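Examination of the molecular architecture
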Amino acid sequence: MKYDLSAIMSRAWAIFRKGGLAFAEALHRAWQNAAAIAAAKAAAGIAEDCKTWAEWKVAGYEVIHGSKALFRAVLIWASHGDGKTYTASFFGASQVQPIEA
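Treat the numbers as computed from the prediction; the structure is a model and nothing was measured.

Attention now goes to the nonpolar core. Counting 8 residues, the largest nonpolar core consists of Ala40, Ile46, Cys50, Phe71, Ala73, Leu75, Ala88 and Phe90. Counting only elements with at least two residues in this core, the list comes to strand 3 (71-74) and strand 4 (87-92). If we skip the residues at most four places from it in the chain, alanine 40 touches Phe71, Arg72 and Ala73.

Put into structure tokens, the structure is as follows:
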């Protein structure tokens, strides 16, 4: 399986800048997230490009109203140390449209 190393490193820096963790731990969490997302995507049998709602928005797209997430993944970087599980919903490229200006 191939991973987007640039995206993993960017995520690690974002986690690190959020504060409270050493960079090594931030990088470890970024790798764990990449693996969790890849495993959830493979388990759902999804081949298309998938991102969270927020990631699509940053890319200039909006999720079409009424679309259901293709899969969900537990993300460790979202943990607040409260013992709760945080999941992210992922939408495919076929479920988005460009944001109208």
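Alright, that's what it looks like, and here's the rest.
Below, the discussion takes up the pattern of salt bridges. Note that side chains of opposite charge can pair when their charged atoms are close. Within the structure shown, the criterion is met by 1 salt bridge. The partner of arginine 29 in a salt bridge is glutamate 25, with the nearest N and O atoms 3.0 Å apart. Highlighted residues: arginine 29 and glutamate 25, both in helix 2 (residues 23-44), separated by 4 residues, approximately one helical turn. The exposure class of glutamate 25 is partly exposed, given its relative accessible area of 30%.

Now for the environment of leucine 27. Among the secondary structure elements, leucine 27 is positioned in helix 2. Owing to a relative accessible area of 24%, leucine 27 belongs among the partly exposed residues under this scheme. Spatially, the C-alpha atom of leucine 27 lies 9.3 Å from that of serine 10, the residues being 17 residues apart in sequence. Not counting residues up to four positions away in its chain, the partners in contact with leucine 27 are Ile8, Met9 and Ala12.

About the criteria used
Residues numbered from 1 in each chain as written. Predicted model: local features only at pLDDT ≥ 70, side-chain atom pairs only at ≥ 80, totals over all residues. Heavy atoms only, no water. Core = buried A, V, L, I, M, F, W, Y, C linked by side-chain atoms within 4.5 Å. Buried < 20%, exposed > 50% of the residue type's maximum accessible area, 1.4 Å probe, protein only. Helix = DSSP H or I, 4+ residues; strand = E, 2+ residues; numbered from the N terminus. Contact = heavy atoms within 4.5 Å. Salt bridge = Lys/Arg side-chain N within 4 Å of Asp/Glu carboxyl O.

Everything listed here is a matter of coordinates, which is why it stays silent on function.
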